[in-house]
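A structural walkthrough
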Amino acid sequence: MLYVSGQAAFDEHGNIVGEGSMEAQAEHVFQVIARILADQGASFGDIAFIRTYLTDMEDRVAYGRVRRKYITGTAPASTTVEVSKLFMPGLLLEVDLIVALPR
């Protein structure tokens, strides 16, 4: 099992990517997740559970559009919750995963 926590839209310098845009932040987060999965020999199809924290539930449609670009098969178990704010002003989402690594 692989536990991936706290994926948010930061670049390599710690700056927020796509500030103010759910689609830009979600796209960045899923690109980072893709690299993490590839590093472990896994793919999006190996995700067993995904938890998403959104600062505005109205953004779930935009988030869902991006998520469906990456998770194309049977969707994993998931939870999406709205939080009043995340650890850095300007972040719109944070994602945690549990991945069943291939043997």
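For the structure, see preceding data.
This section reports on the structure supplied with the text. These figures come from a predicted structure and were not determined experimentally.

1. Some points on the nonpolar core
- Judged by nonpolar contacts, the single largest core of 24 residues is most densely connected at Phe30 and Tyr63.
- Mapped onto this core, the elements with two or more residues apiece are β1 (2–7), α1 (22–39), β2 (47–54), α2 (60–70) and β4 (93–99).
- Discounting chain neighbours no more than four positions away, the residues touching Tyr63 are Met22, Ala26, Phe30, Ile50, Thr52, Leu54, Leu93 and Val95.
- Ala8, Ile16, Leu86 and Leu91 belong to the second-largest nonpolar core, a separate cluster that totals five residues.

2. Some points on the sheet that holds β1
- Pairing in this open sheet of four strands is mixed, and the strands run β1-β4-β2-β3 from one edge to the other. Two strands lie at the open edges of the sheet, namely β1 and β3 (77–82), each paired on one side alone. Pairwise comparison of adjacent strand axes, ignoring direction, gives a mean angle of 10° for this sheet.
- Along the sheet, α1 contacts β1, β2 and β4; its crossing angle with β4, the most-contacted strand, is approximately 25°.
- Packing against the sheet, α2 makes contact with β2, β3 and β4, and its axis sits at approximately 150° to β2.

3. Section: the packing of aromatic side chains
- According to the stated counting rule, one finds five aromatic pairs in the structure shown.
- When the ring of Phe30 is compared with that of Tyr63, the centres are 5.9 Å apart and the planes differ by 40°; the resulting orientation is tilted. Taken together, the residues Phe30 in helix α1 and Tyr63 in helix α2 connect sequence positions 33 residues apart. You'll find Phe30 and Tyr63 in the same group, each marked buried.
- Ring-pair connections join several aromatic residues into one group, and the members of that group are Phe30, Phe44, Tyr63 and Tyr70.

Rules behind the numbers
- Residues numbered from 1 in each chain as written.
- Predicted model: local features only at pLDDT ≥ 70, side-chain atom pairs only at ≥ 80, totals over all residues.
- Heavy atoms only, no water.
- Core = buried A, V, L, I, M, F, W, Y, C linked by side-chain atoms within 4.5 Å.
- Buried < 20%, exposed > 50% of the residue type's maximum accessible area, 1.4 Å probe, protein only.
- Helix = DSSP H or I, 4+ residues; strand = E, 2+ residues; numbered from the N terminus.
- Contact = heavy atoms within 4.5 Å.
- Pairing = 2+ DSSP bridges.
- Axes fitted to C-alpha atoms, helices over the stretch in contact; angles between N-to-C directions.
- Phe/Tyr/Trp six-rings, centres within 6.5 Å; stacked < 30°, edge-to-face > 60°.

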